[in-house]
Amino acid sequence: MNTVESTRETLSHEQPVGPQVCCFVTEDPCQHADSLPQWSQEYLQLTSGEFRGRIVEMSSGPVQLFRESMDQVIDEKGHPRPSSYTFGVPINVHPDGYWQAQEVRRDSLLTLLPGEELHFRTPRMSDIFVAVIDADTLDGYAESVLGREVASVVARTQMQTLQSGAAMRYRQVLHEVMCCVQSTPEVLQHAASCQAVSESIINASLTALLSISERPERSRGGHAIHRAIVERARQYILANRDAPPSVSDLSVHLKMSRRGLHHAFMNVLGISPVTFLRYVRLHGVRKDLLHGGSDMSVSSAACKWGFWHMGMFSSYYKALFGESPSSTLKRPPQVRAQPWSSGTGDWPFPGLSD
């Protein structure tokens, strides 16, 4: 048996064929973060208003493919399923999105190595394809077909620029796979066709990766340092929710001036440290309201997160999430399954044509 045949054996036998296709819409960033299968994520909404999101997701053996759309600026932190490579390509992109401290453009190829933590500040309108591929499968496939290690190419930087034609072909392949699987679900019920689906996504991802321009993206070292500062601040706030820290407390803990702290937050998230402190606590209240039992009250949840002025708290909450805290408690938003559409025009899936 040659190496290619051996790799196909891995695709069809060693990896479980657990076919799943889902399409659903969400009305809450926290629920949205929890709705993506096999990912562990935290979402922090940074712009004001009601949240709308949609995910179309399918799994085929060692490969997961999904399309995610959102209409608010979200600071994402998370991990894909373990021991996997991640590849993303924007379908449409607005300004001021940053993947791993680098600015996202129309033809960016977004990548994560196995075990790497995701940091993505989305633009106001975010619509991307993401392929997640088992590391052993992809490494074996690349070695047998290309004679190269995937990690050696990905490790140049976490975001690289595709030629426009290559980016468009990658989007089209992923879109075609998703449309075909959804229109004919039994494709994922048979080992041979399920294997072919996996190979199509793997081949498209490797082709996109190897078509990258030789000129690497310019490093954004300052942005990366500021992102690390933001993450340390987040951890400190969550560890001290019973005694919410002030900006001065953050400055002391991080050994930074208030001015330096302000610059870091504005550079990474576009908001001040004061606003960030409030947003983290508001999201904490919202999660408690979403998961609260019959004895949960708005005031108890608010006080738990350090809010003492209920009128001001309600104003802050409604301004950020587009509804009152009592509405969240009485009528919590739901994750709703939605009939499939190929996404050629209606929000949040604009067409794929340039």
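Everything here concerns the structure above.
Residues numbered from 1 in each chain as written. Predicted model: local features only at pLDDT ≥ 70, side-chain atom pairs only at ≥ 80, totals over all residues. Heavy atoms only, no water.

**Points about unusual backbone geometry**
Reasoning step 1: A positive phi is found at Gln38, a non-glycine position, where the angle reads about 70°.
Reasoning step 2: Residue position: Gln38 is located in the loop between helix H2 (29-35) and strand S2 (40-45).
Reasoning step 3: Judged by relative accessible area, Gln38 falls into the partly exposed class, the value being 42%.
Reasoning step 4: A positive phi angle, near 55°, is found at Lys255, a position not held by glycine. (Helix = DSSP H or I, 4+ residues; strand = E, 2+ residues; numbered from the N terminus. Buried < 20%, exposed > 50% of the residue type's maximum accessible area, 1.4 Å probe, protein only.)

**Thoughts on the pairing of strand S11 (residues 126-134)**
Reasoning step 1: When you tally the buried positions in S11, you get 9 out of 9 residues, the bulk of the element.
Reasoning step 2: Where burial is concerned, the two faces of S11 agree: the one with Ser126, Ile128, Val130, Val132 and Asp134 and the one with Asp127, Phe129, Ala131 and Ile133 are both buried.
Reasoning step 3: As defined by bridge partners, strand S4 (residues 63-70) adjoins S11 across 8 bridges and the pair is classed as antiparallel. Bridge pairing links Arg67 to Phe129 in S11.
Reasoning step 4: In this sheet, S11 lies alongside strand S6 (residues 84-93) in antiparallel orientation, the contact comprising 9 bridges. Among the inter-strand pairings, Phe87 is bridged to a residue of S11, identified as Ala131. (Pairing = 2+ DSSP bridges.)

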